[in-house]
Number of protein chains: 2
Amino acid sequence: MPAANPFHADVEAALAAIRAKPPARVFFVACGGSLSIMYPAKFLLDQHSALPSDLFNAAEFTARAPKGLGKDSLVILCSMTGTTKETTAAAEFALSRGAQTVGLTTEKNSPLATVCDHAVGFEAPYSTGVPIDAMNSNYARLYQLVMGLVAMTEGNDLSGALMTSLAALQPAIDRAHVTLAARFADFAPRFAKEDVIYTVASGASFGAAYSFAICVLMEMQWINSQAIHANEFFHGPFEVLDKNRAFILLKGCDSTRALEDRADTFLHRFGSAENILVLDALELDLTGIDPVFRGNLVPLIFFDTLWRFAYQIAELRQHVMLEGRRYMKKLTY
Amino acid sequence: MPAANPFHADVEAALAAIRAKPPARVFFVACGGSLSIMYPAKFLLDQHSALPSDLFNAAEFTARAPKGLGKDSLVILCSMTGTTKETTAAAEFALSRGAQTVGLTTEKNSPLATVCDHAVGFEAPYSTGVPIDAMNSNYARLYQLVMGLVAMTEGNDLSGALMTSLAALQPAIDRAHVTLAARFADFAPRFAKEDVIYTVASGASFGAAYSFAICVLMEMQWINSQAIHANEFFHGPFEVLDKNRAFILLKGCDSTRALEDRADTFLHRFGSAENILVLDALELDLTGIDPVFRGNLVPLIFFDTLWRFAYQIAELRQHVMLEGRRYMKKLTY
């Protein structure tokens, strides 16, 4: 029986097939930026369902060959263009074990979309060349898939609240850009001079911190970085903190907020406020987003606004974003 | 029925109780250096058993409160001194959900050991003040626990091969120190001057790379770092590579070695050999370690030898290791 408030057609089609063979476990599999969205997807699933799940880099997944991967498994994969070789290979490996596969891509004719049992499309600014509505992003489609699994396994249908919340997301992002504009303008000249910038987050926001560290700061700006989990921070990494060290802290509003709050207090105690860029869910206008999903959707707002900050840094460094790569998609490796 | 080749008495006692109520899923929970050993433990379990497992920082675990945590869960926790508050709180949370708990510590009277259903002791150089036999380390006890779970759930008893291999580990470590001494002496003066040193690994070795990055380089030397997964490297992080950037690459001999090999080729193509410290399982004398466990035990050799390298760096930086901390265990936070 389809949900009362239908998800995107691709998601509904995948769920209809999966309902005929409900999975006993889930594997979230991708690389880099596409892997980063799997962290909040697993967070969402962990909070709403007892279904066990794993999260792996695609090459690690295939090489590890988890013994638990089999006919009762659902493997959810993502690659923006659908051409990431490791991810397609992972899908083929999963299929060889009898697992069901869902591939999220922007290209329905791509290798990943073609090889998977079910292809779910999404939009990305780079594939369309124009801004998208966040409701059509990879995150949004993935969350629908997860909440479909929750309804299937737990009988708890929150599809209406999710779809209403996703419809309210882009306006919330647009408002956040206004809220944060002055802060970004203030921080950009200082951060553009930094050789090391750490990102810190927990819970639903960790994936956004990971993506910003590896895909934006390292990949596009050649700035050294690490996404530090807000509690792991206290078990080693915090020793690099001093008055000169630059940090970006994401303070969400999910159940792990206290961890980020504690990191905030410590960062401001031993660092300099001018070097600690804090994005806080509590300063955002989240009108229209259901309270049950606010913690899950805020990371999308963080990530979208941080992209604009990244472009400001790039301009100051005279480092053109996507053209700033020296290796990725420029040579064979 | 106890295994033919018994594990350490603490492990046997825990397994005897767990056998009466075999778990349907496992959670590996700790912080920092103790969390780092959970990565290879999960790798070992994934390769030998279909039992689903999760790995969480302890504070994340409690705040996330996974819906799947319940009476059928086994939660394995570790804290060297047994005083890590987040880890003890995680054990208490797991117990409140009806889960079974095993706590690994060096102190049987510690809060973590006291609160858990089963306490498993281990030795650490810092608790005894003298070198230990690696067979009594946290890794060794954890691996016994995991292989006990494998025997329980899969009927595949590899306890003999594991115990024989663990008995051969310390001699292999001692030989590795000799093998690597000249290389460490060569690299130490250069690496001591670096502000950023990355570690790279995959599979069973990722935990050692993580621990060296956050607990040694960042915590004890205030050197910026990140443990980069060997395949994630190609999806962003590799863009920071140039002739001057310092990397430590761990090349193990588990099923993910091809990922580390690929990173090795790329690192040497665009970096400088003098700035890329490679530790390779294939150059080690692993006599006595059963081939089935070589991939799992090599990371202990990497980690032990890298500690000696860290002390060489510390001396050159005039940065006394454990006293080099400014925050950890020096103030309240």
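Let me begin by describing the structure that accompanies this report. (Residues numbered from 1 in each chain as written. Chains lettered and ligands numbered in written order. Predicted model: local features only at pLDDT ≥ 70, side-chain atom pairs only at ≥ 80, totals over all residues.)

All names here are of chain B. Spatially, four strands are ordered β7-β6-β8-β9 in an open sheet, and the strand pairing comes out parallel. Sheet topology places β7 (227-229) and β9 (276-280) at the edges, where each strand pairs with a single neighbour. Taken pair by pair, the neighbouring strands of this sheet meet at an average axis angle of 20 degrees, ignoring direction. Alignment of strand β8 (residues 246-251) against β9, held across five bridges, turns out to be parallel. Note on β9: the bridge partner recorded for leucine 250 is leucine 279. Packing against the sheet, helix α12 (residues 257-270) makes contact with β6 (197-201), β8 and β9, and its axis sits at approximately 150 degrees to β8. (Pairing = 2+ DSSP bridges. Helix = DSSP H or I, 4+ residues; strand = E, 2+ residues; numbered from the N terminus. Axes fitted to C-alpha atoms, helices over the stretch in contact; angles between N-to-C directions. Contact = placed C-beta atoms within 7 Å.)

What follows is about the environment of glycine 207 of chain A. Along the chain, glycine 207 of chain A turns up in helix α11 (residues 206-221). For glycine 207 of chain A, a count of 26 C-beta atoms within 10 Å corresponds to the buried category. (Buried ≥ 20, exposed ≤ 12 C-beta atoms within 10 Å, placed from the backbone.)

Let us look at unusual backbone geometry. Negative phi characterises most residues that are not glycine, and trans characterises most peptide bonds. All names here are of chain A. Here tryptophan 222, not a glycine, exhibits a phi torsion of approximately 55 degrees, which is positive. Tracing the sequence through the fold places tryptophan 222 in the loop between α11 and β7 (227-229). A count of 18 C-beta atoms within 10 Å places tryptophan 222 in the partly exposed class.

Moving on, we get to helix α5 (residues 85-96) of chain A. All names here are of chain A. With twelve residues, α5 should reach 16 Å at 1.5 Å per residue; the first-to-last C-alpha distance of 16 Å fits that figure. All of the buried residues along α5 are Glu86, Thr87, Thr88, Ala90, Ala91 and Ala94. Following α5 by one or two positions, glycine 98 adopts a phi angle in the positive range, close to 90 degrees. (Expected span 1.5 Å × (residues − 1).)

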